[in-house]
Amino acid sequence: MKKGGTIFFCQSCGYESAKWSGQCPACRQWNTFAEEPAPKKSRGGPAPARRSGEARSGPVCLAEVASGERERISTGMKELDQVLGGGIVPGSLVLVGGDPGIGKSTLLLQVCRNLSDRLSGVLYISGEESLQQIKLRALRIGEFRESLKLMCETNLADIEEVVLREKPQVAIIDSIQTMYQEEISSAPGSVSQVREATGVLMRLAKEQGITIFIVGHVTKEGTVAGPRVLEHMVDTVLYFEGDRHASYRILRGVKNRFGSTNEIGVFEMQESGLKEVANPSEYMLNGKPEGASGSVVACTMEGTRPMLLEVQALVCRTNFGLPRRTAAGMDFNRVNLLLAVLEKRLNLPFSSYDAYVNIAGGLRLNEPAMDLALVLAMISSYKDIPVSGKTVVFGEVGLSGEVRAVSMARQRVQEAKKLGFTKVLLPQSSMEQVKAVTGIELVGVAAVRDALRIIG
Ligand code: TYD
Ligand code: MG
């Protein structure tokens, strides 16, 4: 690389290259390379936080290290606490990513409101909205304590100065893509700016013991650097997902140095901000049609949480040589594969039928345990025979049409029972695990053929 020259960055994943290329070799995105001034080399990242009195270098025995299980601070939202692994860890850096307009600012402002009841210093720094705009949003959300401080600023040096002076316990940076450092000549939102800004914030968090939440917009066009660029730098990465047209939102942990990443939080966007959804299954099944063919209730696991949802399929004769297939909310190739299994093992003529499948509610799932429900939904639509609305189905389908065991069968059955379902169709090999559950009819199936007999 030339001295003082420029370098090309993939704006999606942060891959560096001396030359421009059309496709990023790392993340395979097209047209994401942008030219930026080369960053100065040989800068170490900030050291992880040390307690005073700890040696500054040299190895120590693991046994000598104080466990320092610090108290976690509750955010006042159970769903969020769960995703964080039990609450906020002091001195951690949390990235909240998501599409623009999904509700990141709203969520964090609500967190600020809850925290300012308990903590003395909460600082909300916005680089996107004016104080009046934040005030308007705050009015929709509800009452605020006076201890919440707001600031509109995008210059990171000024932010650092204020944070050092105010010493808040929790600070929010909304959003990282608007922050800039004067020493770096590239525009705010570029990979070098976003990385450097995160480095500064990480140092602040670790050295001062401040919990910092960073908002990062996910961008498809690649005009500003996405949060993936900084995923490896922060302690916790949460993504806020959801269909913009549906009101529910899912907060998913993708990385967590202080807890499991298996947790999700479910929220609903209402007139007065985000509300927690304590029972997502009930919420997801809302509006399920009665007695319609092609609709089957499935049970998926989101981390350790079972969730019931509706799988819909529409199968109809194709008008062209090549059947049309679409899959919303699940893997397209998986749908094709299952159709091929049905064609071969059950002699159903799916190659001359179009198939459209959808997970109601706009969820996206990749769990193989959904296979059986999907298969039944397609057969039900093909034969135009409805599957009972009181039945829950789960199980993986193999290439020979066999139904294979899935994990956590008992939790799934219990969730079905809790929500008043009367029958569960599950893999024969999972029956052993769920024997103890009573009060609900359990039907073990070994092959798709058996399941077919049950729906008629
Ligand atoms: P916002 O938090 O600004 O999104 P982000 O920071 O992720 O870009 O969310 C904005 C959307 O949320 C906007 O479309 C309006 C909607 N909204 C509500 O429906 N109810 C509310 O109480 C608030 C504050 C916002
Ligand atoms: Mg925002």
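About the thresholds
- Residues numbered from 1 in each chain as written.
- Chains lettered and ligands numbered in written order.
- Predicted model: local features only at pLDDT ≥ 70, side-chain atom pairs only at ≥ 80, totals over all residues.
- Heavy atoms only, no water.
- Salt bridge = Lys/Arg side-chain N within 4 Å of Asp/Glu carboxyl O.
- Helix = DSSP H or I, 4+ residues; strand = E, 2+ residues; numbered from the N terminus.
- Buried < 20%, exposed > 50% of the residue type's maximum accessible area, 1.4 Å probe, protein only.
- Core = buried A, V, L, I, M, F, W, Y, C linked by side-chain atoms within 4.5 Å.
- Contact = heavy atoms within 4.5 Å.
- Polar contact = N/O pair within 3.5 Å; in protein donor to acceptor, adjacent residues only side chain to side chain.
- Near = heavy atom within 4 Å.
- Areas by Shrake-Rupley, 256 points an atom, 1.4 Å probe, with all protein chains shown as cover.
- Nonpolar A, V, L, I, M, F, W, Y, C, P; charged D, E, K, R; others polar.
- Axes fitted to C-alpha atoms, helices over the stretch in contact; angles between N-to-C directions.
- Parallel < 35°, antiparallel > 145°, perpendicular 65-115°, else oblique.
- Left-handed = near helix turned anticlockwise from the far one by under 90°.
- Pairing = 2+ DSSP bridges.
- Right-handed = clockwise from strand over helix to strand, strands pointing away.
- Phe/Tyr/Trp six-rings, centres within 6.5 Å; stacked < 30°, edge-to-face > 60°.
- pLDDT = per-residue confidence, 0-100.

So, the pattern of salt bridges
Part 1 of the reasoning: Taken as a whole and judged by the stated rule, the model has 15 salt bridges.
Part 2 of the reasoning: For glutamate 160, the salt bridge goes to arginine 203, with nearest N and O atoms at 2.9 Å. Taken together, the residues span a long stretch of sequence, with glutamate 160 in helix H4 (residues 156–166) and arginine 203 in helix H5 (residues 191–208) at a distance of 43 residues.
Part 3 of the reasoning: With a relative accessible area of 30%, arginine 203 lands in the partly exposed category.
Part 4 of the reasoning: Across the pair aspartate 235 and lysine 206 runs a salt bridge, and its minimum N-O distance is 2.6 Å. In this pair, aspartate 235 is assigned in the loop between strand S8 (211–217) and strand S9 (236–241) and lysine 206 in helix H5, connecting sequence segments 29 residues apart.

Observations concerning the nonpolar core
Part 1 of the reasoning: Formed by 48 residues in total, the largest nonpolar core has its most connected members in Leu309, Val311, Leu342, Met378 and Ile379.
Part 2 of the reasoning: Broken down by element, the residue count for this core peaks at eight residues, all from helix H8 (residues 371–383).
Part 3 of the reasoning: Sequence-distant contacts of methionine 378, that is, excluding residues within four places in its chain, are made with Ala313, Val315, Val335, Leu338, Leu339, Leu342, Phe350 and Val357.
Part 4 of the reasoning: Among the nonpolar cores identified, the runner-up in size contains 31 residues, and Val96, Ile102, Leu115 and Ala138 belong to it.

Notes on the side chain of histidine 217
Part 1 of the reasoning: For histidine 217, the location among the structural elements is in strand S8.
Part 2 of the reasoning: A distance of 3.2 Å separates a polar atom in the side chain of histidine 217 from a polar atom in the side chain of lysine 104.

Quick word on the site of ligand 1
Part 1 of the reasoning: Not every one of the 16 residues close to ligand 1 is listed here, only the nearest: Gly101, Ser105, Thr106, Gln270 and Gly273.
Part 2 of the reasoning: Between an oxygen atom of ligand 1 and a main-chain N or O atom of glycine 273, the distance comes to 2.5 Å.
Part 3 of the reasoning: In the complex, the protein chains occlude 77% of the 560 Å² of accessible area that ligand 1 would expose alone.
Part 4 of the reasoning: When contributions to the shell around ligand 1 are tallied by element, the ones reaching two or more residues are helix H2 (104–118), helix H3 (131–141) and strand S11 (264–270).
Part 5 of the reasoning: For the shell around ligand 1, the leading source of residues is H2, giving three residues.
Part 6 of the reasoning: Counted by class, the shell around ligand 1 contains three nonpolar, eight polar and five charged residues.

What about the packing of H2 against H3?
Part 1 of the reasoning: Their axes nearest at 10 Å, the elements H2 and H3 cross at an angle of 70°. Between H2 and H3, the interaxial angle falls into the category roughly perpendicular. Between H2 and H3 the crossing geometry is right-handed. Side by side, H2 and H3 meet where Ser105, Thr106, Leu109, Gln110 and Arg113 of the first sit next to Ile134, Arg137, Ala138 and Ile141 of the second.
Part 2 of the reasoning: A breakdown of the residues in the contact of H2 with H3 according to their chemical character gives four nonpolar, three polar and two charged.

A closer look at the pairing of S8
Part 1 of the reasoning: The element S8 is extensively covered by neighbouring structure, given that seven of its seven residues are classed as buried.
Part 2 of the reasoning: Both faces of S8 are covered, namely the face carrying Thr211, Phe213, Val215 and His217 and the face carrying Ile212, Ile214 and Gly216.
Part 3 of the reasoning: Two elements, strand S4 (residues 93–98) and S8, share six bridges in a ladder whose sense is parallel. Among the inter-strand pairings, glycine 98 is bridged to a residue of S8, identified as histidine 217.
Part 4 of the reasoning: By the bridge criterion, five bridges tie strand S7 (residues 170–174) to S8 in an arrangement that is parallel. Bridge assignment links isoleucine 172 to a residue of S8, and that residue is phenylalanine 213.
Part 5 of the reasoning: For the crossover that starts at S7, traverses H5 and ends in the parallel S8, the hand is right-handed.

Overview of the packing of aromatic side chains
In this description, an aromatic ring pair is defined by two values, namely the gap between the centres and the angle between the planes.
Part 1 of the reasoning: In total, this model carries five aromatic pairs according to the counting rule given.
Part 2 of the reasoning: Aromatic side chains tyrosine 15 and phenylalanine 33 sit 6.4 Å apart centroid to centroid with 85° between the ring planes, which places their arrangement in the edge-to-face category. In this pair, tyrosine 15 is assigned in the loop between strand S1 (6–10) and strand S2 (16–17) and phenylalanine 33 in strand S3 (residues 33–37), connecting sequence segments 18 residues apart.
Part 3 of the reasoning: Seen in terms of ring centroids, phenylalanine 240 and phenylalanine 267 are 6.0 Å apart; in terms of plane orientation they differ by 75°. Their pairing is edge-to-face. Taken together, the positions of phenylalanine 240 in strand S9 and phenylalanine 267 in strand S11 put the pair 27 residues apart, joining distant regions of the chain.

Looking at unusual backbone geometry
Part 1 of the reasoning: A cis geometry characterises the amide bond from aspartate 174 onward to serine 175, with omega recorded as 0°.
Part 2 of the reasoning: Along the chain, serine 175 turns up in the loop between S7 and H5.
Part 3 of the reasoning: A positive phi angle is found at arginine 28, which is not glycine, with a value near 65°.
Part 4 of the reasoning: Mapped onto the fold, arginine 28 is located in the loop between S2 and S3.
Part 5 of the reasoning: For asparagine 347, which is not glycine, the phi dihedral falls at a positive 55°.

Points about the packing of H4 against H5
Part 1 of the reasoning: Between H4 and H5, whose axes approach to 11 Å, the crossing angle comes to 10°. One element, H4, and the other, H5, form an angle in the roughly parallel class. Note on element contacts: H5 touches H4 through Ala197, Val200, Arg203, Leu204 and Gln208, opposite Leu156, Glu160, Val163 and Leu164.
Part 2 of the reasoning: Looking at side-chain class alone, the contact of H4 with H5 contains six nonpolar, one polar and two charged residues.

Description of the confidence of the model for the protein
Parts of the model with low pLDDT should not have their predicted coordinates read in detail.
Part 1 of the reasoning: For the protein, per-residue confidence averages 87 on the pLDDT scale, and 93% of positions sit at 70 or higher.
Part 2 of the reasoning: The spread of mean pLDDT over the elements of the protein runs between helix H11 (residues 448–455), the lowest at 83, and strand S18 (residues 396–397), the highest at 96.

Some thoughts on the environment of arginine 72
Part 1 of the reasoning: Considering the arrangement of structural elements, one finds arginine 72 in the loop between S3 and helix H1 (78–84).
Part 2 of the reasoning: Overall, the relative accessible area of 24% leaves arginine 72 in the partly exposed class.
Part 3 of the reasoning: Considering only alpha carbons, one finds arginine 72 and glycine 85, 13 residues apart in sequence, at a separation of 9.2 Å.
Part 4 of the reasoning: Filtering out sequence-adjacent residues up to four positions away, arginine 72 remains in contact with Leu84, Gly85, Gly86, Gly87, Ile88, Val89 and Phe258.
Part 5 of the reasoning: For arginine 72, the side chain forms a polar contact with the main-chain oxygen of phenylalanine 258, separated by 2.5 Å.

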